[in-house]
Amino acid sequence: MKKLSYLALGLSVLTLTACNKTETTASDASYDAPSRPECIAPAKPGGGFDLTCKLAQAGLKDTGLLTEPMRVTYMPGGVGAVAYNKIVANDRDNNDAIIAFSTGSILNLSQGKFGKFTEKDVKWLAGVGTDYGAIAVSADSPIKDLTDLIEALKTDPKSISFGAGGSVGGQDWMQTAILAKAIGVEPNDMTYVAMEGGGEAITAVMGNHITVVSAGIAEIMPQASAGKLRVLAVFADERLGGTMSDIPTAKEQGYDVTWPVVRGYYMGPDVSPAAYDWWKGTFDKMLADPKFAEIREQQELLPFSMTGEELQAYVYKRTGELRELSAEYGLVDATAQ
């Protein structure tokens, strides 16, 4: 088995609607509940950020913790950069808005892709689930398994086009780069098609516009379950359960490649302490409710529960780890920031 050293898990148009501030300001001493709750998905519909927002939307509603309907606002651009910059620069005290993030967001922050802003410029709220990276082809692809893909890559790396949400250096690129290195192929020799979100990439592979889609397994599973995609490998340490139990890991096929994807939410840096505490407490209750566990499982996500200062510490630590990993691939100076 070929093994690649990788820092393991420690513990994605225009805006459809603008962010809304509420009458509650950062100086208010109390905050009963959001009047216009909103989850911002920093990508087009259909990808992992959309999934993350809809997870909160359903979870908070079905557990009875949110009486007002939560809307999902799509804010694509820079795989999270547009949303991050808007919140930090122009909507800092929006007490009613939460913004979806993933490990890919942390990776982009580690590489300085969000401009002058860093991981310390927002308030990290809650991590609510995790899934793993995966690669898939269309159901009618001549590539039947990971061995077929690897043989094609070794023969002619540029003959296989990988499509994913994000640019070179992003999360979905990174997991394919790690696989490439594991089989002795230079990642820069592969054909990579950057798209704005996993949903767009999945549509492209189903239309045979690209050969392989690289995304999170939770993003891929709806189309895989419908028989439209064939998953070649999931980048987990061991096989996942439920509807994913038949999907082989890259590891069991001889390539020790893992890529866990945490999903959660952050808020603006100047939200009121009362508002932040309300959201944190609400997410703590939701995460402890068996109803939410069922909703999370239905979305093909695994348990990951972390809020407040604990999540902040995790994000800061993970950003440092991913900065080091990015340096291995010549994407960033490990000593930067």
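Residues numbered from 1 in each chain as written. Predicted model: local features only at pLDDT ≥ 70, side-chain atom pairs only at ≥ 80, totals over all residues. Heavy atoms only, no water.

1. Points about the pairing of strand β8 (residues 212-216)
Both faces of the sheet carry side chains from a regular strand, because those side chains alternate between them.
Moving on, step 1. Counting buried positions over the five residues of β8 gives five, a clear majority of the element.
Moving on, step 2. Across four bridges, the pairing between strand β5 (residues 123-138) and β8 is antiparallel. Each bridged residue has a counterpart across the sheet, and for Ile-135 the counterpart in β8 is Ser-214.
Moving on, step 3. Sheet topology places strand β6 (residues 161-165) next to β8; two bridges connect them, and they run parallel. Bridge pairing in β8 links Gly-163 to Val-213. (Buried < 20%, exposed > 50% of the residue type's maximum accessible area, 1.4 Å probe, protein only. Helix = DSSP H or I, 4+ residues; strand = E, 2+ residues; numbered from the N terminus. Pairing = 2+ DSSP bridges.)

2. Observations regarding the layout of surface pockets
Moving on, step 1. If you add up the space inside the largest pocket, you get close to 280 Å³.
Moving on, step 2. In terms of lining, the largest pocket is formed by 18 residues, of which the most central are Gly-46, Ala-218, Glu-219, Pro-222 and Gln-223.
Moving on, step 3. Broken down by element, the lining of the largest pocket gets its largest block of residues, six residues, from helix α7 (residues 217-225).
Moving on, step 4. For the lining of the largest pocket, the class distribution of residues is six nonpolar, eight polar and four charged. (1 Å grid on protein atoms, 1.4 Å probe; cavity = no way out; pocket = protein on both sides within 12 Å on 5 of 7 lines; lining within 4 Å. Points joined across faces, edges and corners; volume = space filled by probe spheres on them. Nonpolar A, V, L, I, M, F, W, Y, C, P; charged D, E, K, R; others polar.)

3. Digging into the state of the cysteines
Formally, a disulfide is one covalent bond, and it connects the sulfur atom of one cysteine to the sulfur atom of another.
Moving on, step 1. Applying the stated criterion across every chain yields a total of one disulfide.
Moving on, step 2. At a sulfur-sulfur separation of 2.1 Å, the disulfide partner of Cys-39 is Cys-53. Around the S-S axis, the bridge from Cys-39 to Cys-53 shows a dihedral of about -75° and counts as left-handed. A residue pair is termed long-range when its members are at least 10 positions apart, and Cys-39 in strand β2 (residues 38-41) and Cys-53 in helix α1 (residues 48-62) qualify at 14 residues. This pair shows no difference in class: Cys-39 is buried, exactly as Cys-53 is. (Disulfide = S-S within 2.5 Å.)

4. Examining the pairing of strand β9 (residues 229-234)
Moving on, step 1. Within β9, five of the six residues are buried, which leaves the element mostly enclosed by the surrounding structure.
Moving on, step 2. By the bridge criterion, five bridges tie β5 to β9 in an arrangement that is antiparallel. Residue pairing for β9: Val-137 is matched across the bridge by Arg-230.

5. Describing the environment of Glu-200
Moving on, step 1. Examined against the element boundaries, Glu-200 turns out to sit in helix α6 (residues 198-206).
Moving on, step 2. Take Glu-200: its relative accessible area is 32%, and that puts it in the partly exposed class.
Moving on, step 3. Separated by 157 residues in the primary sequence, Glu-200 and Ala-43 have C-alpha atoms spaced 9.7 Å apart.
Moving on, step 4. Apart from the residues within four sequence positions on either side, Glu-200 is in contact with Lys-44 and Met-195. (Contact = heavy atoms within 4.5 Å.)

6. Some points on α1
Moving on, step 1. With 15 residues, α1 ought to run about 21 Å at 1.5 Å a step, and its terminal C-alpha atoms sit 21 Å apart, in line with that.
Moving on, step 2. All buried positions along α1 are accounted for by Gly-48, Phe-49, Asp-50, Leu-51, Thr-52, Cys-53, Leu-55, Ala-56, Gly-59 and Leu-60.
Moving on, step 3. Of the residues one or two after α1, Gly-64 is the one with positive phi, at around 75°. (Expected span 1.5 Å × (residues − 1).)

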